[in-house]
Amino acid sequence: VISGATSGLGRECARALVRAGASLDIIARNASKAAELRAELQPLASAGASIDVVIADTGDLPAMRAAAATLASRHATIDVLIHNAGALDATFGLSPDGIEQTLASHVIGPLAMTELLVPQLRAAGTLASPARVLWVSSGGMYVEPLDVATLQMTAANYDGTRAYARAKRAQVTLTEMLAARYHADNIVVHAMHPGWADTPGVARSLPTFRRWVGPMLRDPAAGAETLTWLASSMGEPIQCTGQFWLDRRVRRTHRNSTTRRSDTADERAKLWDYVHALATQS
């Protein structure tokens with residue numbers, strides 16, 4: 001199962017997984033783009049492999065709950081769940097549930113879906129071949145500390161780049177927490193940084209950055225390579241859990257003392273209570 005697969009890194013990952021023989025369920029908010037992708041992938045699919053679509057916005061909790069129910073009705077087991085969707089929004093917005101849109105689409109909706117699909121992931125996982133939950137994060141998280149009080153920005157103080165980086169920091173921290181939570185269920189959880197890739201999202205959200213560093217940007221296929229490897233390899237990705245990866249290597253999650261000092265047991269407990277309460281609200 002993969003979200004955000006209709007363009008960029010997600011599209012390249014979807015292509016690679018289908019070529020490798022996977023059955024795929026695509027979570028997308030745009031039905032026409034999802035249908036186009038499905039038509040593109042179908043000729044690549046192995047005999048007996050399925051390619052299906054679920055229409056849902058990852059920032060919309062009722063839609064994500066409905067999507068999880070659809071997936072559970074389709075599949076007794078889910079081997080891999082990839083959270084890739086999410087944009088860097090330049091302007092402030094609220095989700096249908098009243099949550100700041102960046103936090104809702106990158107963290108709250110994906111967490112809600114993950115928790116709802118644990119039975120299918122647990123049924124798929126074995127000690128030799130655990131199920132996998134993968135978060136596509138960003139190196140932008142290195143500049144933001146773990147600070148639950150400032151995680152959800154308001155219209156008055158909104159900064160799209162900082163909101164994005166804070167959500168990505170939360171994803172990486174939650175990866176470690178979920179890894180411990182699901183370890184006994186034979187489910188591994190990882191986050192990854194794709195490097196800076198020339199995707200539609202970068203072109204739309206960071207045009208000045210793209211002009212400055214354009215020649216050094218990776219193409220989307222290169223950015224997706226580690227994600228595809230994490231989803232399919234029977235080696236390192238299933239021999240550990242709770243790691244942050246770049247170019248098939250485990251990387252540290254802090255590069256300065258400020259973010260390292262913020263990452264306390266107390267702040268982690270606050271993060272879990274806060275995001276879990278939002279994800280399970282009625």
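Here, every reference points to the structure presented above.
Residues numbered from 1 in each chain as written. Predicted model: local features only at pLDDT ≥ 70, side-chain atom pairs only at ≥ 80, totals over all residues. Heavy atoms only, no water.

Some thoughts on the overall build of the chain
Phase 1 of the analysis: For the chain, the helix and strand inventory stands at 11 helices and eight strands.
Phase 2 of the analysis: A compact globule built from 282 residues would reach a C-alpha radius of gyration of about 19 Å, and the chain, at 18 Å, matches this within 12%.
Phase 3 of the analysis: A buried classification covers 53% of the 282 residues belonging to the chain.
Phase 4 of the analysis: Summing over all exposed atoms, the chain offers an accessible surface of approximately 12100 Å²; the carbon and sulfur share of this is 53%.
Phase 5 of the analysis: Charge centroids of the chain, computed over 28 positive and 26 negative side chains, lie 4 Å from each other. (Helix = DSSP H or I, 4+ residues; strand = E, 2+ residues; numbered from the N terminus. Rg over C-alpha atoms; globule rule 2.2 N^0.38 Å. Buried < 20%, exposed > 50% of the residue type's maximum accessible area, 1.4 Å probe, protein only. Areas by Shrake-Rupley, 256 points an atom, 1.4 Å probe, with all protein chains shown as cover. Lys, Arg positive; Asp, Glu negative; His and termini not counted. Charge placed at Lys NZ, Arg CZ, Asp CG, Glu CD.)

Looking at the pairing of strand β4 (residues 80-83)
Phase 1 of the analysis: Burial along β4 is two-sided: the face carrying V80 and I82 and the face carrying L81 and H83 are both buried.
Phase 2 of the analysis: As paired elements, β4 and strand β5 (residues 131-136) share four bridges and run parallel to each other. Bridge pairing in β5 places I82 opposite L134. (Pairing = 2+ DSSP bridges.)

Brief notes about the packing of aromatic side chains
Phase 1 of the analysis: A complete count under the given rule lists three aromatic pairs for this structure.
Phase 2 of the analysis: Each ring, one from Y142 and one from F244, has its centre 6.1 Å from the other, and the planes form 70°; the classification is edge-to-face. Placement of Y142 in the loop between β5 and α6 (160-182) and of F244 in strand β7 (residues 243-246) is noted, with a sequence separation of 102 residues between them. For the residue pair Y142 and F244, the accessibility class agrees, reading buried in each case.
Phase 3 of the analysis: Taking 5.3 Å as the distance between ring centres and 75° as the angle between the ring planes, the aromatic pair formed by W229 and W245 counts as edge-to-face. Of the two residues, W229 is situated in helix α9 (residues 220-232) and W245 in strand β7; the sequence distance between them amounts to 16 residues. For the residue pair W229 and W245, the accessibility class agrees, reading buried in each case.
Phase 4 of the analysis: Taking NZ or CZ as reference, R255 lies 4.2 Å from the ring centre of Y142, over its face. (Phe/Tyr/Trp six-rings, centres within 6.5 Å; stacked < 30°, edge-to-face > 60°. Lys NZ or Arg CZ within 6 Å of the ring centre and 35° of its normal.)

Here's the deal with the nonpolar core
Soluble globular proteins: nonpolar side chains tend toward being buried together.
Phase 1 of the analysis: Membership of the largest hydrophobic core comes to 47 residues, with the highest contact counts inside it found for L71, V107, I108, M113, L271 and V275.
Phase 2 of the analysis: Elements supplying a minimum of two residues to this core: α3 (61-74), α4 (101-116), α5 (118-124), β5, α6, β6 (187-192) and α11 (265-279).
Phase 3 of the analysis: Core analysis: the second largest hydrophobic core is formed by 27 residues, L9, C13, L37 and L227 among them. (Core = buried A, V, L, I, M, F, W, Y, C linked by side-chain atoms within 4.5 Å.)

With respect to the packing of helix α1 (residues 8-19) against helix α2 (residues 31-41)
Two measures define how a pair of helices packs: the angle their axes make with one another and the distance between the axes.
Phase 1 of the analysis: One way to put it is that α1 packs onto α2 with a least axis distance of 10 Å and a crossing angle of 30°. Crossing of α1 over α2 shows right-handed handedness. Where α1 approaches α2, its residues R11, A14, R15 and V18 are matched on the opposing element by E36, L37, E40 and L41.
Phase 2 of the analysis: Considering only residue class, the contact of α1 with α2 consists of four nonpolar, no polar and four charged. (Axes fitted to C-alpha atoms, helices over the stretch in contact; angles between N-to-C directions. Left-handed = near helix turned anticlockwise from the far one by under 90°. Contact = heavy atoms within 4.5 Å. Nonpolar A, V, L, I, M, F, W, Y, C, P; charged D, E, K, R; others polar.)

So, the side chain of R11
Phase 1 of the analysis: Along the chain, the position of R11 falls in helix α1.
Phase 2 of the analysis: Take R11: its relative accessible area is 12%, and that puts it in the buried class.
Phase 3 of the analysis: Beyond its immediate chain neighbours, meaning those up to four positions away, R11 contacts G4, A5, T6, E36, L37 and E40.

Topic: α4
Phase 1 of the analysis: The end-to-end C-alpha distance of α4, which contains 16 residues, comes to 21 Å, matching closely the 22 Å that a straight helix rising 1.5 Å per residue would cover.
Phase 2 of the analysis: Of all bends in α4, the biggest is about 30°, found at I108, and the proline P110 comes one to four residues later.
Phase 3 of the analysis: Of all 16 residues that make up α4, 14 are buried, and the element is covered over most of its length.
Phase 4 of the analysis: Structurally, the start of α4 carries an N-cap: the backbone nitrogen of T102 is 2.8 Å from a side-chain oxygen of E100. (Expected span 1.5 Å × (residues − 1). Bend = angle between axes of the 7 residues up to and from the residue. Polar contact = N/O pair within 3.5 Å; in protein donor to acceptor, adjacent residues only side chain to side chain.)

Some thoughts on α11
Phase 1 of the analysis: The end-to-end C-alpha distance of α11, which contains 15 residues, comes to 21 Å, matching closely the 21 Å that a straight helix rising 1.5 Å per residue would cover.
Phase 2 of the analysis: Residues E267, R268, L271, W272, V275, L278 and A279 constitute the buried set of α11. Projected down its long axis, α11 carries its buried residues within an arc of 145°, all on one side. Facing away from the buried side of α11 by more than 90 degrees, the exposed set consists of A265 and D273.
Phase 3 of the analysis: Residues of α11 that are buried sit in contact with α3, α4, α6 and α10 (257-262). (Arc of directions from axis to C-beta.)

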